[in-house]
Amino acid sequence: MIVVMKSGTPVIEIERLSQEILRWNIIPEKCVGVHKTVIGLVGDTTALNPQEIQKLSPFIEQVMRVNKPFKRAALEFRNGEPSEVLVSTPNEIVAFGQNYPIVSVAGPCSVEDEEMIVETARRVKAAGAKFLRGGAYKPRTSPYAFQGHGESALNLLAKAREVTGLGIVTEVMDTADLQKVASVADIIQIGARNMQNFSLLKQVGAINKPVLLKRGMSATIEDWLMAAEYILAADNPNVILCERGIRTFDRQYVRNTLDLSAIPVLRSLTHLPIMVDPSHGTGRSEYVSAMTKAAIAAGADSLMIEVHPNPSLALSDGAQSLTPNQYDELMQEISPIAQIFGRWSKKFPIPTAYCALPMQQMAQKV
Ligand code: PEP
Ligand code: MN
């Protein structure tokens, strides 16, 4: 259930109402929007009567039930306003969300050695990426395949972060590694295979780090949003959803089917920012460019693209990795496309006037 307050409601009235709600053993979750404040009621609200709540204050505009199994992730929970995930990187604060430029995350599937990761970081940064991705712990189908260099790879990511100032996105597979991963990652990735690892979701929810939640390869949109709900329910509001392709019947020509229709569907259901990963989504480097452009047109807020200095020698996912030159070319090609869809990329920095409000919000949040 949500309580939408009228614009201009005094803060003291919102506080008074929140105290009242707390007395019913319901948690009031306040969301301050651009025009209005919404109080989300978290807990068992079945016995509550919206009409009775409406009478509690003349400043209440509307009381509504959220008729979805996911509550905090629901678009209604923020009265239709998109949320933003703000991530502090060494160079800048980067915002993911519908009101911000498209954010590019790029790098190899796995961190292989210092030279390759630092060099890839430099190249993707020069092309316009804001984050370096790279796996230290790799979820591989075969136990005999390269499993990632683990902790030593985390140290190499830290080095690349230090040298380039890029933020780091890397996957955690096991709760036992969470603290180590969190000490290096600016965004913690939950991979497709762990999307419904509920104990892992609860634990990443409990730490104060943004989370990139990839869609399970056989997950419905509702399964995915319920997985996000686990993280939000553990009090971590900074969740980005990543569409990375689902299993369909054709595996001969593509590794997965990139479900771009998930983007408008998610937009109608959730306020959370959306990322698209056309690399895992297709499994083939030659299709990455077309699907990246399509993802922008469909409304993606951010992109994750695998880049390797020498894809034919990659220890994992070489077939779907772009070379740094191909990545640079792609970034140049998407720049005008992002502009057409009202989403600036590297050549179109956020105008200062546009920055004013979000930057203030960032200062309070970070
Ligand atoms: C990855 O990002 O390298 C990865 C393993 O992704 P996914 O979980 O989407 O397969
Ligand atoms: Mn990969």
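About the criteria used
Residues numbered from 1 in each chain as written. Chains lettered and ligands numbered in written order. Predicted model: local features only at pLDDT ≥ 70, side-chain atom pairs only at ≥ 80, totals over all residues. Heavy atoms only, no water. Near = heavy atom within 4 Å. Polar contact = N/O pair within 3.5 Å; in protein donor to acceptor, adjacent residues only side chain to side chain. Nonpolar A, V, L, I, M, F, W, Y, C, P; charged D, E, K, R; others polar. Pairing = 2+ DSSP bridges. Helix = DSSP H or I, 4+ residues; strand = E, 2+ residues; numbered from the N terminus. Axes fitted to C-alpha atoms, helices over the stretch in contact; angles between N-to-C directions. Contact = heavy atoms within 4.5 Å. Buried < 20%, exposed > 50% of the residue type's maximum accessible area, 1.4 Å probe, protein only. Donors = N, O, S within 2.8 Å, 3.2 Å for Na, K, Ca; no water. Parallel < 35°, antiparallel > 145°, perpendicular 65-115°, else oblique. Left-handed = near helix turned anticlockwise from the far one by under 90°. 1 Å grid on protein atoms, 1.4 Å probe; cavity = no way out; pocket = protein on both sides within 12 Å on 5 of 7 lines; lining within 4 Å. Points joined across faces, edges and corners; volume = space filled by probe spheres on them. Domains from an automatic or database assignment. Right-handed = clockwise from strand over helix to strand, strands pointing away.

Draft legend 1. Representation of the site of ligand 1 in the model. The full set close to ligand 1 counts 13 residues, and Arg133, Lys138, Ala192, Arg193 and Arg244 are the nearest of them. In the model, an oxygen atom of ligand 1 is placed 2.7 Å from a nitrogen or oxygen of the Ala192 main chain. In the model, an oxygen atom of ligand 1 is placed 3.2 Å from a nitrogen or oxygen of the His280 side chain. Split into classes, the residues belonging to the shell around ligand 1 amount to three nonpolar, three polar and seven charged.

Draft legend 2. Molecular detail of the sheet that holds strand β9 (residues 167–171). The strand order around the closed barrel built from eight strands is β7-β8-β9-β10-β11-β12-β13-β14, with neighbouring strands paired in parallel fashion. Each neighbouring strand pair of the sheet contributes to a mean axis angle of 25 degrees, computed without reference to strand direction. In this sheet, strand β11 (residues 211–214) lies alongside strand β10 (residues 187–190) in parallel orientation, the contact comprising three bridges. By the bridge assignment, Ile188 is partnered in β11 with Val211. Sheet strands touched by helix α4 (residues 151–164): β8 (131–133) and β9. Its angle to β9, the strand with the most contacts, is close to 160 degrees. Contacts from helix α10 (residues 285–298) reach β13 (274–276) and β14 (302–306) within the one sheet, and its direction differs from that of β14 by about 170 degrees.

Draft legend 3. Just helix α8 (residues 262–269), in detail. Restricting attention to buried positions, one finds in α8 the residues Ala262, Ile263, Leu266, Arg267 and Leu269. Against α7 (221–233), β12 (239–243), β13 and α10 lie the buried residues of α8.

Draft legend 4. Expanded view of the coordination of the manganese ion (ligand 2). Coordination sphere of the manganese ion (ligand 2), protein contribution only: Cys109 (SG), His280 (NE2), Glu306 (OE) and Asp317 (OD), at 2.0 to 2.4 Å. Look at where the donors of the manganese ion (ligand 2) fall in the sequence and you get C-x170-H-x25-E-x10-D. One end of the pair, Cys109, is in the loop between β7 (103–107) and α3 (114–127); the other, Glu306, is in strand β14, and 197 residues separate them in sequence. Taken as a pair, Cys109 and Glu306 share a single burial class, namely buried.

Draft legend 5. Layout of the sheet that holds strand β2 (residues 27–32). What the four strands build is an open sheet, ordered β2-β3-β1-β4; its pairing is antiparallel. Each having just a single partner strand, β2 and β4 (60–64) make up the two edges of the open sheet. Averaged over all neighbouring strand pairs, the angle between strand axes comes to 20 degrees, with direction disregarded. As judged from the four bridges shared by strand β1 (residues 2–5) and β4, these two strands associate in the antiparallel manner. The residue bridging Val4 from the neighbouring strand is Gln62, located in β4.

Draft legend 6. Quick peek at the packing of α10 against helix α11 (residues 324–340). In the contact formed by α10 and α11, the axes pass within 10 Å of each other and the chain directions differ by 20 degrees. Between α10 and α11, the crossing angle belongs to the class labelled roughly parallel. Crossing angle aside, the handedness with which α10 passes α11 is right-handed. The residues of α11 that touch α10, namely those facing Val288, Ser289, Thr292, Lys293 and Ile296, are Leu330, Glu333, Ile334, Ile337 and Ala338. Of the residues in the contact of α10 with α11, the class split is six nonpolar, two polar and two charged.

Draft legend 7. Looking closely at empty space enclosed by the protein. Enumeration over the complete set of coordinates arrives at one cavity of 30 Å³ or more. Counted as a void, the largest cavity has a volume near 30 Å³. Arg133, Gly134, Gly135, Lys138, Val169, Thr170, Glu171 and Gln189 are the residues that line the largest cavity. If you tally residues by element for the lining of the largest cavity, the top one is β9, at three residues. Of the residues assigned to the lining of the largest cavity, the class counts are one nonpolar, four polar and three charged.

Draft legend 8. The domain arrangement of the protein chain, seen in detail. Per the domain assignment, the segments of the protein chain are domain 1 (2–65) and domain 2 (84–340). On a C-alpha basis, the centroid separation for the pair domain 1 and domain 2 is 36 Å.

Draft legend 9. Quick peek at the pairing of β9. Buried residues dominate β9, accounting for five of its five residues. Going residue by residue along β9, you find Gly167, Val169 and Glu171 tucked away on one face and Ile168 and Thr170 tucked away on the opposite face as well. Pairing of β8 with β9 involves three bridges; the strand directions are parallel. Among the inter-strand pairings, Leu132 is bridged to a residue of β9, identified as Ile168. In the classification by handedness, the crossover that spans β8, the intervening α4 and the parallel β9 is right-handed. Here β9 pairs with β10 via three bridges, running parallel. Looking at the pairing, Thr170 lines up with Ile188 of β10. Once the chain exits β9 it traverses helix α5 (residues 178–184) before rejoining the sheet at β10, and the crossover so formed is right-handed.

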